[in-house]
Amino acid sequence: MSIWLDGALRDVDSAKVSVFDHGLTVGDGVFETLKAERGRAFALTRHLERLTRSARGLGLPDPDHDEVRRACAAVLEANPVEHGRLRVTYTGGLSPLGSDRGASGPTLIVAVAESVRRPDTTAVVTVPWVRNERSAVAGLKTTSYAENVVALAAAHRSGASEALLANTLGRLCEGTGSNVFVVLDGQLHTPPVASGCLAGITRALVVEWAGAKETDLPFEALEQAEEIFLTSSLRDVQAVVRIDARELAPTPGPVTAEAMRIFDAKAGADLDP
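Residues numbered from 1 in each chain as written. Predicted model: local features only at pLDDT ≥ 70, side-chain atom pairs only at ≥ 80, totals over all residues. Heavy atoms only, no water.

**Student:** Go over the pattern of salt bridges, please, and point to the residues and values.
**Tutor:** For the structure on display, the rule yields 14 salt bridges. Here Arg117 ties to Asp264 by a salt bridge, and the two come within 4.0 Å at their closest N and O atoms. With Arg117 in the loop between strand 6 (107–114) and strand 7 (121–131) and Asp264 in helix 7 (residues 254–269), this pair connects stretches of sequence that are 147 residues apart. You can call Arg117 partly exposed: its relative accessible area is 44%. You can call Asp264 partly exposed: its relative accessible area is 37%. Here Arg203 makes a salt bridge to Glu214, at a shortest N to O gap of 2.5 Å. Of this pair, Arg203 sits in helix 5 (residues 201–210) while Glu214 sits in strand 12 (residues 213–214), and the two are 11 residues apart along the sequence. The partly exposed category is assigned to Glu214, whose relative accessible area is 46%. (Salt bridge = Lys/Arg side-chain N within 4 Å of Asp/Glu carboxyl O. Helix = DSSP H or I, 4+ residues; strand = E, 2+ residues; numbered from the N terminus. Buried < 20%, exposed > 50% of the residue type's maximum accessible area, 1.4 Å probe, protein only.)

The structure is reproduced here in structure tokens:
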């Protein structure tokens, strides 16, 4: 396997990041996960724009989009995969121990791993922890992911693939690595970015292509929802068939199925929408 690290492709054994890298010591970094199919990254431009927004939110220099594009192309060429998870990581770089950032500049890493296409349906659980919509890093895709690790582990213990969270106001927010959509009275809704959720790339495309409404919803809306589905770069649109102990339809409902159809058609016609 070849990995892009700070300007060049390196084999996996020589791709080393300092133990003093700020991304490791304090989680001072941002990242993007992209779907890669047959050597091409999906929605790369949108991901680069969000990477820059996240970097600015942490006060990191803007990433060089041309370099990131070169890195992604080089990694995908060096590691041919039919279906893959392409990860771009951009950190505060070599720094002193503690929260102060060093002067050496950011670290850029691009790597890919083979993955399988997700099933059309999944199960989710709700968890008691919340997103802080007023956090300094709300809505940023940072490498400070420990709370997601904890919540996702709880989901796995319950036989689910995702955990859904409210925000501090008790409003529906998001999953640990996904956005959530609900169907209420036949209408498709998703929480607004103001809820503290990540401005997901797939989320934005589904809102645009399927006509979903951004709606401030109570967390309890999950109990009344006729249909629920998740979106993310690797899930695309994935129907929820069980939430906690509540069983929904065993197959994607009509609104979800239509969103899946639209997304597959439009994403297949344009790799960089």
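Structure shown, so let's carry the discussion forward.
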